[in-house]
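# Breakdown of the fold
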Amino acid sequence: MSKAELGGLFFKERGLRLTMLPRQLKGLTISEKALRNLITILIVLFLITLGTALALQLLVSRNSHLKEYNHESTLYLHAAALELSRELGEGLDQGGTPRAAVEEDLKAVIPDEALVAGRQFILVDTAGSIQVTHPK
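Now for the overall build of the protein. Tallying secondary structure elements over the protein gives four helices and four strands in all. Each helix and strand of the protein, placed in order from N terminus to C terminus, yields the pattern α-β-β-α-α-α-β-β. A total of 136 residues make up the protein; the buried ones form 12% of that total. Surface summary for the protein: the accessible area is close to 11200 Å², and the carbon and sulfur share equals 64%.

So this is what it looks like as structure tokens:
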């Protein structure tokens, strides 16, 4: 095969005749270049759709993870608050005053698994000043 014949195979405009059309559109032919462009466009649209679906899935997954994380933090907080108020309020029924919390008190009421995810517990007074934090 000569170079001219080989070049003719690649650069000659060919077309695809559509045979399964109604009689009014019998002579419809799609060029090879148009088919290549159509396939490229369909691939790009597929990749955009796939990327959008993955981004939406990531957002949904992140939101559910944050919701679960906040729920767990709230459970740890309620458990620690009850234990801490009981510990600091000992002797109130005999007319005593509650003592101020120290870091060891907060450390004693917070379970170790609550700190694994990087949570930080902060005890503030009514004025909004930070009294105790755990971990530091």
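What follows picks up the thread again.
Here the focus is the nonpolar core. Of all hydrophobic cores here, the largest spans eleven residues; its members are Tyr76, Ala80, Leu84, Leu88, Ala101, Leu106, Val109, Ile110, Ala114, Phe121 and Val132. Here this core takes four residues from helix 2 (residues 32-88), the largest share from any one element. Excluding its chain neighbours within four sequence positions, the residues that come into contact with Leu84 are Asp105, Leu106, Val109 and Leu123.

What follows covers the pattern of salt bridges. Tallied over the entire structure, the rule returns one salt bridge. We note a salt bridge from Glu32 to Arg36, for which the minimum N-O separation is 3.8 Å. Here Arg36 and Glu32 lie together in helix 2, a separation of four residues that amounts to about one turn. Overall, Glu32 belongs to the partly exposed group, its relative accessible area being 26%.

Moving on, we get to a nonpolar patch on the surface. On the surface, Leu38, Ile41, Leu42, Val44, Leu45 and Ile48 cluster together into a nonpolar patch covering about 550 Å² of accessible area. Mapped onto the elements, Ile41 comes out in helix 2.

What counts and how
Residues numbered from 1 in each chain as written. Predicted model: local features only at pLDDT ≥ 70, side-chain atom pairs only at ≥ 80, totals over all residues. Heavy atoms only, no water. Helix = DSSP H or I, 4+ residues; strand = E, 2+ residues; numbered from the N terminus. Buried < 20%, exposed > 50% of the residue type's maximum accessible area, 1.4 Å probe, protein only. Areas by Shrake-Rupley, 256 points an atom, 1.4 Å probe, with all protein chains shown as cover. Core = buried A, V, L, I, M, F, W, Y, C linked by side-chain atoms within 4.5 Å. Contact = heavy atoms within 4.5 Å. Salt bridge = Lys/Arg side-chain N within 4 Å of Asp/Glu carboxyl O. Patch = residues over 30% accessible without salt bridge, like charges linked within 9 Å, V, L, I, M, F, W, Y side chains within 5 Å.

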